[in-house]
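Residue-level listing of the chains:
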Amino acid sequence: NVVSKDITCDEDVLTITPTVSSTNVTYSWTGPDNFNKTTKTINVDKAGTYTLVVNDKTTGCPSAPSSITIEDKTKKPVIEETYIKNVSGEDILDGALTCKNDKLVLSADITCDNSVSYSWIGPNGFSKTSATVEVTVEGTYKLVVKDTKTGCQSDEREFYIQENKDKPEIEK
């Protein structure tokens, strides 16, 4: 009996130990890329089907083959599209904080097979874990999303927020 698992970003090497009813046995594992081992426990880092045959040393009789299929679940989430809007939901294409828009909302479309967690960092110790964030300070804000099931992280995406609060001057 072998319990199925998948290779993930959190667990990129799997230890597989079968449950065998006899003790006076030998083990013969085969798998992808000419994988061959004769130990009870194996460590695998590649997706594919691994097959075990156990031979009884006394009788010479082999067990029926038992297979386990390991899947590669290391696909990173992707930050597809990013958005900078004012609090009314209007796009702010230049990413500028102004007197009129003194608070901006940052968000992104994410492609992932599972749910994700968000990690935002920015100027002055800014740190948030929500899907959208409101910002009021000029600077570079960075977003990374993590697949909560596999631990795989997206590439970092940067948002540069500038401040443009120039006021008109009245000439005398």
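Notes on the structure in this doc start here. (Residues numbered from 1 in each chain as written. Predicted model: local features only at pLDDT ≥ 70, side-chain atom pairs only at ≥ 80, totals over all residues. Heavy atoms only, no water.)

1. A few points about the pattern of salt bridges
Worth spelling out the cut-off: Only one rule defines a salt bridge in this text: a Lys or Arg side-chain nitrogen within 4 Å of an Asp or Glu carboxyl oxygen. Whether a residue is buried, partly exposed or exposed follows from its accessible area with a 1.4 Å probe, protein chains only, as a fraction of its type maximum: under 20%, in between, or over 50%, in that order. Working definition: helices are DSSP H or I runs of at least four residues, strands are E runs of at least two. Numbering for both runs from the N terminus.
Evaluation of the coordinates by the stated rule reveals nine salt bridges. Residue K5 is joined to E11 by a salt bridge in which the shortest nitrogen-to-oxygen separation is 3.5 Å. A residue is classified by how much of its surface remains accessible, and K5, at 35% relative accessible area, is partly exposed. Residue E11 is classed as partly exposed on the basis of its relative accessible area, which comes to 32%. Ionic pairing is found between K75 and D113, a salt bridge with its closest N-O pair at 4.0 Å. Of this pair, K75 sits in the loop between β7 (66-73) and β8 (78-86) while D113 sits in the loop between β10 (104-111) and β11 (116-121), and the two are 38 residues apart along the sequence. Its relative accessible area of 56% is what places K75 among the exposed residues. Since its relative accessible area comes to 63%, D113 is described here as exposed. Sharing partners across several salt bridges, the network here consists of K142, E156 and E158.

2. Focus: the packing of aromatic side chains
Let me state the cut-off plainly: Each Phe, Tyr or Trp ring, with Trp reduced to its six-membered ring, pairs with another whose centre is within 6.5 Å; inter-plane angles below 30 degrees give stacked pairs, above 60 give edge-to-face pairs, and intermediate values give tilted ones.
One pass over the full model with this rule turns up three aromatic pairs. Summarising the aromatic geometry, the rings of F35 and Y50 are spaced 5.1 Å apart at their centres and angled 90 degrees between planes, so their arrangement reads as edge-to-face. Pair noted here: F35 is in strand β4 (residues 35-37) and Y50 is in strand β6 (residues 48-56), with a separation of 15 residues, a long-range link. Judged on exposure class, the residue F35 and its partner Y50 are both buried. Relative to Y141, the ring of F126 lies with its centre 5.1 Å away and its plane at 90 degrees, an arrangement referred to as edge-to-face. Highlighted residues: F126 in the loop between β11 and β12 (127-128) and Y141 in strand β14 (residues 139-147), separated in sequence by 15 residues. Y141 matches F126 in its accessibility class, with the two residues each being buried.

3. Observations concerning the side chain of S107
Going by this rule: The contact rule is simple, with two residues in contact once any of their heavy atoms fall within 4.5 Å.
Positionally, S107 belongs in strand β10. Judged by relative accessible area, S107 falls into the buried class, the value being 14%. Not counting chain neighbours up to four residues away, the residues in contact with S107 comprise E81, T82, Y83, W120, A131, T132 and F159.

4. Side note on the sheet that holds β11
The following threshold applies: We call two strands paired when DSSP finds no fewer than two bridges between them.
Taken in spatial order, the five strands make up an open sheet running β9-β15-β14-β11-β12, and their pairing is mixed. Each end of this open sheet is capped by a strand with a single partner; those strands are β9 (96-97) and β12. Bridge count for β14 against strand β15 (residues 157-163) is five bridges, and the pairing is antiparallel. Bridged to K142 within β15 is E158.

None of this, on its own, says anything about what the molecule does.
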